[in-house]
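Residues per chain, in single letters:
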Amino acid sequence: MFHSFFPRPKLFFTTAILWTIVCIAVWYTVGPEMGAALGMPPLGPDEKAPIGLAYFIAPDNLWFYLYFTIFVLVFGGGWKLADRNHPWSNWSIWGSAFIIFIAYFSVQVSVAINNWRGPFFDLFQRALEKQPGITTGQFYELQLRFLEIGLVGVAMNVVTAFFTSHYVFRWRTAMNDFYLSEWAKLRHIEGASQRIQEDTMRFASIVEGLGVVLINSVMTLVVFLPLLFQMSTHITELPLVGSIPHSLFWLALAWSVFGTTLLAVVGMKLPGLQFRNQRVEAAFRKELVYGEDHADRAQPPTMRELFANVRKNYFRMYWHYLYFNVARYTYGQLDAIILTAVLIPTIVAGRITMGIWQQIATAFGQVSDSFQYLVSSWTTIIELLSIHKRLAAFEAAIYDEPLPDIDQRYLQRMGISDADQ
């Protein structure tokens, strides 16, 4: 699944994670000084970020684009020298880097909108209070700035969808080529044709969705965590807890960790059940296929036994999904009100304006949603894990490793020995 597309995947991903940590550490320590030395300084403590299209070409953002390019070229160039013969390294290295960059840029669109929310909703509030000096021109000006940001967001969404679709299809092509090159060893495995055609297709499509969301979540945390940390200065006290420095930052972290842990614990049995479900469904379908060509196959006793396995596994899944959904939907309902609940004393005391409230709500929501990646994507992750297990068992035949018990039983039923493998 991975070494067909990535060069030496374990080492590649390990070094990529370590290099990312180094890049982030350098950016948040000496990065601003480096940018200032190159004539691209960050905003001062009393400066406000530009509103609209100007935000994306602000000096500190231009410095990040250059910084990112330099670090990617160093990492990617090193791997190209280390493994020159891998047929898919251009897509896996440079394509992955480009996806990360457009994910970061998409998050910057959210930051630009959040910067816009403050002045717009403060103006909105003053207009409702009928304060003097408020004109329609001020509103139209801010609406124009929002349109600029929105058009950039549209362009990024189109580019992201188009490029990631091509990227994951290249990954599927790499898997397809690898499995077909080993067809002589794989053809006897239960559902071999389905695993090469359908499982690789589903693996690629799920990775496309989950991978983009994961990268966006990481980029969102990198960008919005410092913003939420700063905005927490407006909140001096939380109900029941009292005064905690940077309270919203710690609340988002604690609440998200709680939700992720809760769903991981109550859903721990689901990947195995999904994995087995694919197996029993494939065994049932396979026998029916053989019955189309051979009169002695797909006999009623055999089909009743195979369908009984399907029924048993589905009923077990329904039970485990019952309490999993209770936990998931209950947490989702509480998540919708937790920020408002903890900010009620601050709102009643009039310590924040409507614009600040909108910015806090957006930043908290972005951070909370990113931390809750596993919560929101858990059912899809379960499906991906089951497909991964199925393809991993498939690859065991290539390397002459023991097959899972369910595959062994299928081979015995077919009268195929290990020697035939």
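Only a predicted model underlies this, so the values are computations on that prediction, with no experimental measurement involved.

Kindly report on the overall build of the protein chain, identifying the contributing residues and their values.
If you tally the helices and strands in the protein chain, you get 13 helices and zero strands. Ordered by position from N to C terminus, the α and β elements of the protein chain give α-α-α-α-α-α-α-α-α-α-α-α-α. Evaluated residue by residue, the protein chain yields a buried proportion of 42% over its 421 residues. Taking as baseline every contact in the protein chain between residues at least 6 positions apart, the subset at least 24 positions apart corresponds to 79%. Here the protein chain displays about 22100 Å² of accessible surface, and carbon together with sulfur accounts for 66% of that area.

Give a detailed account of the environment of Ala 308, specifying residues and quantitative values.
Structurally, Ala 308 can be placed in helix H10 (residues 300-348). Judged by its relative accessible area of 41%, Ala 308 falls in the partly exposed class. Each C-alpha atom of the pair Ala 308 and Val 280 lies 9.4 Å from the other, and the pair is 28 residues apart in sequence.

I'd love a proper account of the environment of Ile 360, names of residues and values included.
Turning to its location among the elements, Ile 360 is positioned in helix H11 (residues 354-371). Considering only alpha carbons, one finds Ile 360 and Leu 248, 112 residues apart in sequence, at a separation of 8.8 Å. Those residues in contact with Ile 360 that sit more than four places away from it in its chain are Met 231, His 234, Ile 235, Leu 248, Leu 339 and Leu 343.

Tell me about the UniProt feature "transmembrane region" (unreviewed entry) in the protein chain, residues and numbers included.
UniProt marks residues 12-30, 62-79, 91-113, 149-169, 203-228 and 248-268 with the feature "transmembrane region" (unreviewed entry), using the numbering shown here. Helix makes up 95% of residues 12-30 and strand makes up 0%, while its end C-alpha atoms are separated by 26 Å. The straight-line gap between the two end C-alpha atoms of residues 91-113 is 32 Å; of that span, 100% is helix and 0% is strand.

Before we move on, can you summarise the side chain of Gln 359 with the specific residues and values?
Relative to the elements of secondary structure, Gln 359 occurs in helix H11. Owing to a relative accessible area of 17%, Gln 359 belongs among the buried residues under this scheme. Dropping the residues within four chain positions of it, Gln 359 is found in contact with Asn 114, Asn 115, Arg 117, Gly 118 and Met 231.

Pulling in residues and values, what's your account of the nonpolar core?
One finds Phe 56 and Leu 248 to be the most contacted residues of the largest nonpolar core, which totals 56 residues. Of all the elements in the fold, those that place two or more residues in this core are helix H1 (9-29), helix H3 (59-82), helix H4 (89-128), helix H5 (136-181), helix H7 (192-231), helix H8 (247-266), H10 and H11. Residues within four places of Phe 56 in sequence aside, it is in contact with Asn 61, Tyr 65, Phe 105, Gln 108, Val 109, Ala 112, Ile 149 and Val 152. Counting 29 residues, the second largest nonpolar core, distinct from the first, contains Ile 93, Ala 174, Ile 196 and Ile 206.

The rules behind these values
Residues numbered from 1 in each chain as written. Predicted model: local features only at pLDDT ≥ 70, side-chain atom pairs only at ≥ 80, totals over all residues. Heavy atoms only, no water. Helix = DSSP H or I, 4+ residues; strand = E, 2+ residues; numbered from the N terminus. Buried < 20%, exposed > 50% of the residue type's maximum accessible area, 1.4 Å probe, protein only. Contact = heavy atoms within 4.5 Å. Areas by Shrake-Rupley, 256 points an atom, 1.4 Å probe, with all protein chains shown as cover. UniProt positions renumbered as here; feature names shortened; annotations may be inferred. Core = buried A, V, L, I, M, F, W, Y, C linked by side-chain atoms within 4.5 Å.

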